[in-house]
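# A structural walkthrough
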Amino acid sequence: DDRIAGTGLDSSRRLTTPDTMEKQQLRATRAYKRSPALVNSTWYKGILVSRMAGTTDNNGAFDLIVSKMRRGTEPPPHVHSQEDELFYILSGAISVYVEGEVFSVTAGECMFLPRRKPHAFLITSEEVHTIALLVPGGFLDAVNKMNAPAERMEIPTDHDTVTYANGDLTDTIK
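Residues numbered from 1 in each chain as written. Predicted model: local features only at pLDDT ≥ 70, side-chain atom pairs only at ≥ 80, totals over all residues. Heavy atoms only, no water.

Turning our eyes to something else, we now look at the overall build of the protein chain. Per the secondary structure count, the protein chain includes four helices and ten strands. For the protein chain, the succession of helices and strands along the chain, N to C, is α-β-β-α-β-β-β-β-β-β-β-α-β-α. For the protein chain, with 174 residues in total, the buried portion stands at 34%. (Helix = DSSP H or I, 4+ residues; strand = E, 2+ residues; numbered from the N terminus. Buried < 20%, exposed > 50% of the residue type's maximum accessible area, 1.4 Å probe, protein only.)

For the rest of this paragraph, the subject is the pairing of strand 3 (residues 63–70). Most of strand 3 sits out of view: six of its eight residues are buried. Two strands pair when backbone bridges link them, and strand 2 (residues 47–53) and strand 3 are joined in this way by five bridges, in the antiparallel orientation. Following the sheet pairing, S50 is matched in strand 3 by V66. In this sheet, strand 9 (residues 127–135) lies alongside strand 3 in antiparallel orientation, the contact comprising eight bridges. Residue pairing across strands places D63 opposite L134, the latter belonging to strand 9. (Pairing = 2+ DSSP bridges.)

Attention now goes to the pairing of strand 8 (residues 119–123). Most of strand 8 is tucked away, with four of its five residues classed as buried. One ladder, built from five bridges, connects strand 5 (residues 93–98) with strand 8; its direction is antiparallel. Paired with V96 across the two strands is F121, which belongs to strand 8.

Taken as a whole and judged by the stated rule, the model has one aromatic pair. When the centroid spacing of 5.7 Å and the interplanar angle of 65° are considered together, the rings of F87 and F121 count as edge-to-face. On the criterion of sequence distance, the pair formed by F87 in strand 4 (residues 84–91) and F121 in strand 8 is long-range, its members being 34 residues apart. The pair formed by F87 and F121 is uniform in burial state, with each residue classed as buried. (Phe/Tyr/Trp six-rings, centres within 6.5 Å; stacked < 30°, edge-to-face > 60°.)

Pairing within the open sheet is antiparallel, and its seven strands lie in the order 7-4-9-3-2-1-10. On the outer flanks of this sheet lie strand 7 (110–113) and strand 10 (148–149), each paired with one strand and no other. Of the pairings in the sheet, the one linking strand 4 to strand 7 comprises four bridges and is antiparallel in character. Looking at the pairing, Y88 lines up with C110 of strand 7.

Moving on: the pattern of salt bridges. Counted under the stated rule, the structure contains six salt bridges. R51 is the salt-bridge partner of D141, the closest N and O atoms lying 2.7 Å from each other. Linking D141 in helix 3 (residues 139–144) with R51 in strand 2, this pair joins segments that are 90 residues apart in sequence. Given a relative accessible area of 18%, R51 falls into the buried group. (Salt bridge = Lys/Arg side-chain N within 4 Å of Asp/Glu carboxyl O.)

For the rest of this paragraph, the subject is the sheet that holds strand 5. As summarised here, the arrangement of the three strands in space is 6-5-8, forming an open sheet in which the pairing is antiparallel. If you trace the sheet from one side to the other, it starts and ends with strand 6 (101–106) and strand 8, each paired once. For this sheet, the mean inter-axis angle between neighbouring strands, taken without regard to orientation, is 20°. Bridge count between strand 5 and strand 6: six bridges; the pairing is antiparallel. (Axes fitted to C-alpha atoms, helices over the stretch in contact; angles between N-to-C directions.)

This is a description of form; function is not addressed.
What follows is the structure, encoded as structure tokens:
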């Protein structure tokens, strides 16, 4: 029966309200499979960033990023005003500085960084390979405005890209 229970209305004649439109948009997401590849990877300040999930994939719920960095390409101390951040270290090691504490994080370990808490990290191995989850999503959309398409699935070399250490940070601040 195409009638909406208890209303006597035909389901094909439902009114579209902002509430039902939002539910329809949320249902528009689809299951997918993705791996780091040139089509979803960029170079950002000397870092190879592979977007595994972003706002268009999940209605802005989260960003999921796989990245590879080498020592010396770390971002300066910073604060995420809207996003909680969780790092999982696949290989390598970092020292994370947050709220007056230093955490040594190595392969197989994770680090949670709450929003609005200034933090920084230093790569203590030659390279580090991480998975990062940012909730809610959207941070990567802003960063991607400054990225360049990755030319290969490797950390860019010094002559390939500008890093935090050798670049003008004016665009980053904006």
